[in-house]
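# Commentary on secondary and tertiary structure
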Amino acid sequence: MSFIKFKKHILFWQIEYIIVKLDHKKKKGRVSLRGSELLDILKEAEEKNPKEVKSLWRPEYAEYMVEGTPGQPYGNLIQHFNIVEHNMTFRRQELQSLLKEDEVALSITNFFRLGCPDFTSPPTIPTPTEGYSKSLFFPDEVITQSHPRFKTLTTNIRQRRGEKVAINVPKDFEALGDDGSSLKAALKNHVYMDAMGFGMGCCCLQMTFQTMSVGEARVLYDHLTPLCPIMLSLTAATPVFRGYLTDVDCRWDIISGSVDCRNAEERGLSPLKESKFVIPKSRYSSVDMYLSDCGARYNDTEVVYDEKIYQKLLENDIDDLLAKHIAHLFIRDSISLFSEKVHQDDEKELDHFEVILIDSISNSYNDSPKNLVYPHIFPPLHSGIGWRVEFRPCEVQITDFENAAFCVFIVLLTRAILTFKLNMLIPISKVDENMMKSQKRNAVLEEKFWFRKDIFSRDCEESLPFEKMTINEIINGKGDDFVGLVPLVKQYLVSLDCDADTACTIHQYLKLISLRATGSAMTTATWIRNFIMNHPEYNDEVSYDLLVAISEITNGKRPCPELLGITPNTKTSQDIPKAVQKFLSEKCSKGPSSLN
């Protein structure tokens, strides 16, 4: 099978926002269900002039959410890192300009009172015995109304599973109209959630990288995989669910549980009769296998796959690893396919493939397995889009400064990995173990994670040493034993021709990452937890005061050194320096050969 080679690395960064309505008289915050209404306005500029817009807007699962991406992908120059924060701020301001006086656009992972009584504006009421979710807590009106896929997914996941999803545990259900199923699913001393919306109603910070070739995409996918739990713990921002302060700091397992469509047989709860496989994980889960030749040696867990599909792929010249990866994905049914897409020419269209595999950056709203890292091995036909890898573990941060810092850090790290040909690989079973630890309360300071000691070794042997390290040791180094990821990025930057403004901005970003790892700057989860624990009241007023504080921090009205570690003063700008633009223009005028 032949693959096209692309000449550029380009980047997208996606941020999801929650629209909150603040009742200042009653001191109460609610989610504002105006997402579809706002998107109609936000998308007007794109429809009129798609090549010139600075931002693109898309619906998300819930009516209180919208997703913003850059109007065009960022370029591959070091100077492009200095426009990331500016574009993020522009997007937020563009959205905020359309909101009412008592509404704010916040980049928070979840709404703290999601699923509590009276948490929406306008008011909505759950319908436990009917509708899409049949939830005790999550009304159907909260699901995005402008696109049918979200409601269809909600229904199909519940029906295919044979029951509602079960995430954690309730306290009193009878007064809510429970038919007995929720009481049966609940566990003692847990917060119970019973709908897809509790996971898919969370926001994240997502990065998409275009690579030069399919081989590079597979290598990058593999070496980013061990970094997923590290970045999840560093960006931890979700300690509150359904109005309760919990003993976790991250959203990941909640998302995984919210879309777990496996039936009882597939979960191993009853013998296989109607189903073909016992499937260990939800469709939204951590990475199950590496895809590069070097990474294959670290695949130490059993991967369930469809043997017939695997053999068919081998017969059509797909290599063993990629064939097994695709056959593994196809052990799951599609849970959403439009009727007009059922019959099509598979030689010309990829919808039958994409409905299982691809969650494209153009937002096809499908039901793909949402891995922590995801490779787009087959780009959409006729799109001009190259091979891409998506990085999904990072929790969205309160400020544009923080979000830009984590985006830029990850991208610089990927450049260092590819340039220095670094080796981040550890056994996939250790990645799973790290994922479990990364979500624990204050994992960034209290847990140790498996990590490779010699990342400069290009030897693929799995016997090479890896050990448990703290996040601080992984990020900032461990003396002569381990260089540290931030020093590694700094070493990479030395080799680049970086202007003063870009260098100033990147230095502040790396400083934030280092301070988070040492604990000198709190994670968002720790900051939220401390705010709640130190509040004189533990009621609706806590949520209101917390939302107001977050809004003030977002807008720069409230200093928060305990969260940011420093007072941000980046040199972020709207575009790359004019001198660089002129240089590029002159090279382009000489023809394509001068760009190689």
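If you look the protein chain up in an unreviewed UniProt entry, it shows as Glutamate--cysteine ligase from Armadillidium nasatum. Taken directly from UniProt, the Sequence similarities (unreviewed entry) text for the protein chain runs: "Belongs to the glutamate--cysteine ligase type 3 family."

## Some remarks on the overall build of the protein chain
Counting its secondary structure elements, the protein chain contains 22 helices and 13 strands. Counting over 596 residues, the protein chain shows a buried share of 58%. Put simply, of all contacts in the protein chain between residues at least 6 apart along the chain, 71% involve residues at least 24 apart. As presented, the protein chain carries roughly 25000 Å² of accessible surface, and 51% of it is formed by carbon and sulfur atoms.

## Points about the environment of E63
Within the element layout of this structure, E63 appears in the loop between β3 (55–59) and β4 (65–70). When its relative accessible area of 5% is taken as the criterion, E63 is described as buried. When the C-alpha atoms of E63 and S36 are compared, they prove to be 6.5 Å apart, with 27 residues separating the residues in sequence. Once residues within four sequence positions are removed from consideration, E63 is found in contact with S32, L33, R34, G35, S36, E141, V142, I143, T144, Q145 and S146. Here Q145 takes part through its backbone nitrogen, which lies 2.8 Å from a polar atom of the side chain of E63.

## Points about helix α7 (residues 214–224)
Extensive coverage of α7 is indicated by the burial of nine of its 11 residues. Listed as buried for α7 are V214, E216, A217, R218, L220, Y221, D222, H223 and L224.

## Details of the side chain of R516
Examined against the element boundaries, R516 turns out to sit in helix α18 (residues 500–518). Engagement of the side chain of R516 in a polar contact is seen with the backbone oxygen of L563, the distance being 3.0 Å. What R516 contacts, discounting residues up to four positions off in sequence, is L234, Q397, E402, F406, V444, A521, M522, T523, T524 and L563.

## Quick word on the nonpolar core
With 134 residues, the main nonpolar core has F409, I475, L485 and W527 as its most contacted residues. Counting residues per element, this core draws most heavily on helix α13 (residues 400–420), which supplies 13 residues. Discounting chain neighbours no more than four positions away, the residues touching L485 are L227, F409, L413, M424, F451, I474 and I475. Of all hydrophobic cores here, the second largest spans 15 residues; its members include Y290, L425, I428 and V431.

## Quick look at the side chain of T524
Within the fold, T524 resides in helix α19 (residues 524–533). When near neighbours in sequence (up to four residues on either side) are disregarded, T524 contacts A236, A237, Q397, I398, E402, R516 and L563.

## Side note on the pattern of salt bridges
Evaluated as defined, the whole model comprises 28 salt bridges. In this structure, the salt-bridge partner of R58 is E46, at a minimum N-O distance of 2.9 Å. Here the residue R58 occupies a position in strand β3, and E46 occupies one in helix α2 (residues 44–48), the gap between them amounting to 12 residues. A relative accessible area of 13% places R58 in the buried class. The partner of K453 in a salt bridge is E467, and the shortest N-O contact between them spans 3.7 Å. With K453 in the loop between β12 (448–452) and β13 (466–470) and E467 in strand β13, this residue pair connects regions lying 14 residues apart in the sequence. When its relative accessible area of 31% is taken as the criterion, K453 is described as partly exposed. One salt-bridge network, in which partners are shared between bridges, spans R161, E163, D260, R262 and R267.

Rules and cut-offs
- Residues numbered from 1 in each chain as written.
- Predicted model: local features only at pLDDT ≥ 70, side-chain atom pairs only at ≥ 80, totals over all residues.
- Heavy atoms only, no water.
- UniProt positions renumbered as here; feature names shortened; annotations may be inferred.
- Helix = DSSP H or I, 4+ residues; strand = E, 2+ residues; numbered from the N terminus.
- Buried < 20%, exposed > 50% of the residue type's maximum accessible area, 1.4 Å probe, protein only.
- Contact = heavy atoms within 4.5 Å.
- Areas by Shrake-Rupley, 256 points an atom, 1.4 Å probe, with all protein chains shown as cover.
- Polar contact = N/O pair within 3.5 Å; in protein donor to acceptor, adjacent residues only side chain to side chain.
- Core = buried A, V, L, I, M, F, W, Y, C linked by side-chain atoms within 4.5 Å.
- Salt bridge = Lys/Arg side-chain N within 4 Å of Asp/Glu carboxyl O.

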